[in-house]
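Here's the letter readout for the chains.
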Amino acid sequence: DDWHVHVRDAELMASVLRFSTYTSRQMLLMPNLVPPLTTEEMVAEYLSRVGIQHLKDWVIAPPTRFYAALFLHRTTSARDIRNAAINPMIISGKFYPDGGTTNSSSQLTSPRDLRLEVLEAMEEVGMVLCLHGEVVEAEEPDPLLREVAFIKYLDWLVTNFPKLKIVVEHVSDRRMVHHVLNLPETVAMTITSHHPFLTHTDALNDPHCNCMPVAKTETDRECLASTVLTAAWTPKIISGTDTAPHPVPDKKAGKAGVWSAGVHASVLWDHFATSGGDDKFEAFVAFTSGNGARFYGLEMSPEMRGEITFVRQRWQVPEIYEGIVPWKAGEILDWRVKGMEWFGITA
Ligand code: DOR
Ligand code: ZN
């Protein structure tokens, strides 16, 4: 599973979708398109475009479930929430701080700017609130401190909406990790496939490692790398890769996002295999295909879930693919996903 994916739209979607559908049988698609997906109708149309592309990508398309998040805007109403919740594929509402990342013009500086009726309706219908958990630049100019500064808003949500299910997306700061672990079980977190392996220095040196929230210090990286390994006994730790492709000119112009979909499974498994304990298999399965599904109430039967086979075979990640630079471009990886041939090499 992948509980945080950007597959974009149109030509870019045609280039990237197949990588995600190779490794995930269910995924949560993010709504920060242009224009943002603020209504049930917009999400439903998007999901049908994704479904059509999926069928084009495969001779026999794997039975993939595409869920989506509704983009929360200052003008979003309780009616918008109830209307979206009728669609079983819309399982969450996503809060973005205005200007905090790609296409995030929500006109919200914090979740407190949402109408209270929106949060009440989400709590009532059981729609999960996914948080881009950072404050806006005007509140905290230093990108390295924007996630820790968000903790007070998370606490406000938990105190005032105790039944609201919340996922803090792409946690990057060790203080946020520890905080979420100490909150009630209504609050979980996604960890991307890149933050456990990157620091702020990587992001400064390589635009293709520049993402939001920015990767933090070595201590934060170590915290994330060790936290994912505990997923077998910590249900709140969920894999959401945040694969976020941008064409090269956009990356050079500073757009944030790591396109990890073609390599994330190999990189993650390598980490579990190298650094995991006796329960490395259980931890990998819990992180990638148990905890998130359970949190969302969307567990799959073993037949639907399918399986993935890793082959210990060194391979070089291409420098570029259809105008997009993959994460780990040019690097040698030790594991391949069996049958994954999209980069031109089949295991
Ligand atoms: O790095 C990121 N890229 N972080 C986000 O929150 C959004 C994403 C994107 O859409 O490009
Ligand atoms: Zn994202």
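Residues numbered from 1 in each chain as written. Chains lettered and ligands numbered in written order. Predicted model: local features only at pLDDT ≥ 70, side-chain atom pairs only at ≥ 80, totals over all residues. Heavy atoms only, no water.

**Structural notes on the sheet that holds strand E5 (residues 128-131)**
Spatially, the eight strands line up as an open sheet ordered E1-E2-E3-E4-E5-E6-E7-E8, and their pairing is parallel. In the strand order of this sheet, the two ends are held by strand E1 (2-5) and strand E8 (237-239), each with one partner. Taking each pair of neighbouring strands and ignoring which way they run, the sheet shows an average axis angle of 30°. Bridge analysis of strand E4 (residues 90-95) against E5 gives four bridges, and the strand direction is parallel. Counterpart to Phe 95 in the pairing with E5 is Leu 131. (Pairing = 2+ DSSP bridges. Helix = DSSP H or I, 4+ residues; strand = E, 2+ residues; numbered from the N terminus. Axes fitted to C-alpha atoms, helices over the stretch in contact; angles between N-to-C directions.)

**Details of the pattern of salt bridges**
Tallied over the entire structure, the rule returns 12 salt bridges. Linking Arg 174 and Asp 220 is a salt bridge whose minimum nitrogen-to-oxygen distance equals 3.0 Å. In this pair, Arg 174 is assigned in helix H6 (residues 174-182) and Asp 220 in helix H8 (residues 218-228), connecting sequence segments 46 residues apart. With relative accessibility at 28%, the residue Arg 174 sits in the partly exposed group. Between Arg 221 and Glu 218 there is a salt bridge, with the nearest N and O atoms lying 2.8 Å from each other. Of this pair, Arg 221 and Glu 218 both sit in helix H8, three residues apart, which is roughly one turn of that helix. Overall, Glu 218 belongs to the partly exposed group, its relative accessible area being 39%. (Salt bridge = Lys/Arg side-chain N within 4 Å of Asp/Glu carboxyl O. Buried < 20%, exposed > 50% of the residue type's maximum accessible area, 1.4 Å probe, protein only.)

**Quick word on the state of the cysteines**
The tally for this structure, following the rule as stated, stands at zero disulfides. Not engaged in a disulfide, the cysteine Cys 209 finds its nearest cysteine sulfur in Cys 211; these two sulfurs lie 7.9 Å apart. Between Cys 223, a free cysteine, and Cys 211, which holds the nearest cysteine sulfur, the sulfur-to-sulfur gap is 16 Å. (Disulfide = S-S within 2.5 Å.)

**Observations concerning the nonpolar core**
Membership of the largest hydrophobic core comes to 78 residues, with the highest contact counts inside it found for Leu 129, Leu 154 and Ile 166. If sequence neighbours within four positions are ignored, Ile 166 has contacts with Leu 129, Leu 131, Leu 154, Leu 157, Val 158, Thr 186, Val 187, Ala 188 and Phe 295. In terms of nonpolar packing, the next biggest core, distinct from the first, is built from 17 residues, Leu 28, Met 30, Ala 69 and Tyr 296 among them. (Core = buried A, V, L, I, M, F, W, Y, C linked by side-chain atoms within 4.5 Å. Contact = heavy atoms within 4.5 Å.)

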